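Spelled out from the first residue to the last, the chains are:
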Amino acid sequence: MKKKILAISLMLLCLCGCRVYQAPTYEQIGATVTGLIDNRTVEVILEDGSVQSFLFFDDEVAEKLSIAEETAEQITISYEEKEGQSLKVIVAVE
């Protein structure tokens, strides 16, 4: 019964022109941290050899970037472009 109600609800949402939430997708690239510029900006060397600065706001990301700076190991960053900002924003570090 619950599945039937959910299916009908989703169908009504689609018929009304409403959008169903879709999780954002992020770009990923390999990088080596060259240094933290300040508490929310980092400079990295990307896997293509270019140097770029990124913003970050998440404390877990900050910790991983700090560790990556100390160890000089290559990491994979997931980032997004925010409207109105010239720098891309790192949302995850692996």
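In what follows, the structure referred to is the one given above.
Please read these numbers as outputs of a predicted model, since none were measured by experiment. (Residues numbered from 1 in each chain as written. Predicted model: local features only at pLDDT ≥ 70, side-chain atom pairs only at ≥ 80, totals over all residues. Heavy atoms only, no water.)

1. Concerning the pattern of salt bridges
For the structure shown, the criterion picks out 3 salt bridges. Ionic pairing is found between Arg 40 and Asp 59, a salt bridge with its closest N-O pair at 3.1 Å. Of the two residues, Arg 40 sits in the loop between strand 1 (27-38) and strand 2 (41-46) while Asp 59 sits in helix 2 (residues 59-71), which places them 19 residues apart along the sequence. On the basis of relative accessibility, which here comes to 29%, the residue Arg 40 falls in the partly exposed class. In this structure Asp 59 comes out as exposed when scored by relative accessible area, which is 55%. One salt bridge in this structure joins Glu 60 and Lys 64, with 3.3 Å as the shortest N-O distance. One end of the pair, Glu 60, and the other, Lys 64, are both in helix 2, 4 residues apart, so they sit about a helical turn from each other. (Salt bridge = Lys/Arg side-chain N within 4 Å of Asp/Glu carboxyl O. Helix = DSSP H or I, 4+ residues; strand = E, 2+ residues; numbered from the N terminus. Buried < 20%, exposed > 50% of the residue type's maximum accessible area, 1.4 Å probe, protein only.)

2. Focus: the pairing of strand 2
As defined by bridge partners, strand 1 adjoins strand 2 across 6 bridges and the pair is classed as antiparallel. Bridging from a neighbouring strand, Leu 36 pairs with Val 42 of strand 2. Connecting strand 1 to the next strand, strand 2, in antiparallel fashion are 2 residues. Relative to strand 3 (residues 51-56), strand 2 is paired through 5 bridges, and the arrangement is antiparallel. Bridge assignment links Thr 41 to a residue of strand 3, and that residue is Leu 55. (Pairing = 2+ DSSP bridges.)

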